[in-house]
Amino acid sequence: SRPPTGFHSGAMDFAELERKEGVRLSWNAWPSSRIEATRVVLPFGAVCTPVKAMEGMPVLPYAPVVCSECSGVLNPYCHVDFHQKRWQCCLCNTGNTLPRNYHEINENNLPAELFPGYTTVEYQMENKNPRPPCFLLVLDTAMSAEELQDAKDSLGQLVALLPEECLVGLITFGATVTVHELCEHNAFPKSYVLRGTDDVTQEQLKKLLGLELSASEYASYDKQRGSAVAEASNALRRFILPVSECEFALQTALDELRPDPFPREQGTRPFRATGVAVAAAQGLIAECHSAQGARVMVFTSGPCTIGPGSIVGRDMSETMRTHQDFNKGDAKHYKAASKFYNQVGIRLATHAHTLDVFACSLDQVGLAEMKTAVDQTGGVMVLAEQFGADAFRSSLRRMFARDSSGALDMYFNATFSVFCTPQVMVCGGIGPMSALAVKSMPKIGRTHV
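Because the structure is a prediction, the values reported are computed rather than measured.

Asks: Describe the packing of helix 10 (residues 334-350) against helix 11 (residues 367-375), and please don't skip the residues or the numbers.
Replies: Helix packing geometry: the angle between the two helix axes and the distance between the axes. At a closest axis distance of 7 Å, the pairing of helix 10 and helix 11 adopts a crossing angle of 20 degrees. One finds that helix 10 runs roughly parallel with respect to helix 11. The hand of the helix 10/helix 11 crossing is right-handed. Contact residues: helix 10 offers Tyr334, Ala337, Ser338, Tyr341, Asn342 and Gly345, while helix 11 offers Ala368, Glu369, Met370, Thr372 and Ala373. Residue classes in the contact of helix 10 with helix 11 are distributed as six nonpolar, four polar and one charged.

Asks: Tell me about the environment of Trp27, and name the residues and values.
Replies: Along the chain, Trp27 falls in the loop between strand 1 (23-25) and helix 2 (34-39). Residue Trp27 is classed as partly exposed on the basis of its relative accessible area of 36%. Placed 17 residues apart in sequence, Trp27 and Phe44 show a C-alpha to C-alpha distance of 6.3 Å. For Trp27, the residues in contact, after removing those within four places along its chain, are Val40, Leu42, Pro43 and Phe44. Separated by 2.9 Å, the side chain of Trp27 and the backbone oxygen of Leu42 make a polar contact.

Asks: Tell me about a negative patch on the surface, and name the residues and values.
Replies: Among the surface-exposed residues, Glu164, Glu165, Glu184, Glu245 and Glu247 lie close enough to one another that they form a single negatively charged patch. If you trace the backbone, Glu184 turns up in the loop between strand 10 (176-180) and strand 11 (191-195). For Glu184, a relative accessible area of 40% gives the class partly exposed.

Asks: Tell me about the packing of aromatic side chains, and please be specific about residues and values.
Replies: Tallied over the entire structure, the rule returns 12 aromatic pairs. Ring plane angle 65 degrees and centroid distance 4.8 Å describe the contact between Trp30 and Phe44, whose orientation is recorded as edge-to-face. Residue Trp30 is located in the loop between strand 1 and helix 2, and its partner Phe44 is located in the loop between helix 2 and strand 2 (46-48); the two are separated by 14 residues in the primary sequence. The exposure class assigned to Trp30 is partly exposed, which follows from its relative accessible area of 43%.

Rules and cut-offs
Residues numbered from 1 in each chain as written. Predicted model: local features only at pLDDT ≥ 70, side-chain atom pairs only at ≥ 80, totals over all residues. Heavy atoms only, no water. Axes fitted to C-alpha atoms, helices over the stretch in contact; angles between N-to-C directions. Helix = DSSP H or I, 4+ residues; strand = E, 2+ residues; numbered from the N terminus. Parallel < 35°, antiparallel > 145°, perpendicular 65-115°, else oblique. Left-handed = near helix turned anticlockwise from the far one by under 90°. Contact = heavy atoms within 4.5 Å. Nonpolar A, V, L, I, M, F, W, Y, C, P; charged D, E, K, R; others polar. Buried < 20%, exposed > 50% of the residue type's maximum accessible area, 1.4 Å probe, protein only. Polar contact = N/O pair within 3.5 Å; in protein donor to acceptor, adjacent residues only side chain to side chain. Patch = residues over 30% accessible without salt bridge, like charges linked within 9 Å, V, L, I, M, F, W, Y side chains within 5 Å. Areas by Shrake-Rupley, 256 points an atom, 1.4 Å probe, with all protein chains shown as cover. Salt bridge = Lys/Arg side-chain N within 4 Å of Asp/Glu carboxyl O. Lys, Arg positive; Asp, Glu negative; His and termini not counted. Charge placed at Lys NZ, Arg CZ, Asp CG, Glu CD. Phe/Tyr/Trp six-rings, centres within 6.5 Å; stacked < 30°, edge-to-face > 60°.

By themselves, these observations are geometric and do not establish any function.
Put into structure tokens, the structure is as follows:
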């Protein structure tokens, strides 16, 4: 629906309108001509909070009626011909036929979406292929034993907050990157170690982790499901499993973790392959949980020093970049690291996955370079001094809070679409989202949250 336009400041309570609609506009009146539009100092924009909990929000338990031309939704501003059972889209003026279940409507028997006061509503539609969310934990081990113990305790707390049906996996990194199997039926669980100096693609990861099925293994699957689903099932049975099936194996793997044993010379920083760990996590989660809700959660305690995504060298004589270095363009590793994390963020957003970074360190950890990947996937950044801090653990508890039904109060794989008239152009979106780049329908601007 579109907001009312052309009213004066004394004609309506804008605060009440914002509370009702959940949208705040930069201007509360639409310019009536091109000349007035050019005189507007600030551009016309709207601040919207998707899935915001609003008291009294009408929830309709069926799918919306959309325009065949522009995909606009039937709303109170559309003209409806009750005699011919047709409606005219208020965005593109296209005439549409009402569905069969709407053929009994009249002036005294309106569907909820045509009520004058229902300018903003929610549609509750059935998910035909429900799958639980996935959480891939990526833990930095290049820290002291005390810090690592606090980090493991925090991860244990996080797993305890997850519903039993949620999927979970574990990757650890230091000088190398280790992908852990969580199969409880294996007497000796395997771990796959990757080099921390080389980037890894999804195809390379499939070969290294043995996710490519043989002919005999593939024959055991229903051919109608396709090879992609079969390979995903292979990954789900080994690396990413429901909490109810792998909680003991996951806790055992965490208990056995030790600080990164790679030797470190005096006057040097520890080996920390954060970039390769994030890339490996992205490839693994894309292989087994593509187009489904998932989060890559990175717990780190320092800057990346080796491999792609490095922000500083290992020699202590090389100082960390500062704000002055950014302003002067003297940050040595900034462009390369930003480009790498931007590409990782694009791959994550393509598969509808999110990157979260939990940094507990008194020093910098490279959030300026990782910011683009976090922003365009709708992730969060949490900064604290140590993993055992009460503020850090309370932030984790709040992030994994439950709603009234007992499910996680968290949203995944959301798509935010803007529909407008042909005379109005959508310039873009500001916030934690990435563009879907939909070019088939020029009248519509779409962005991915």
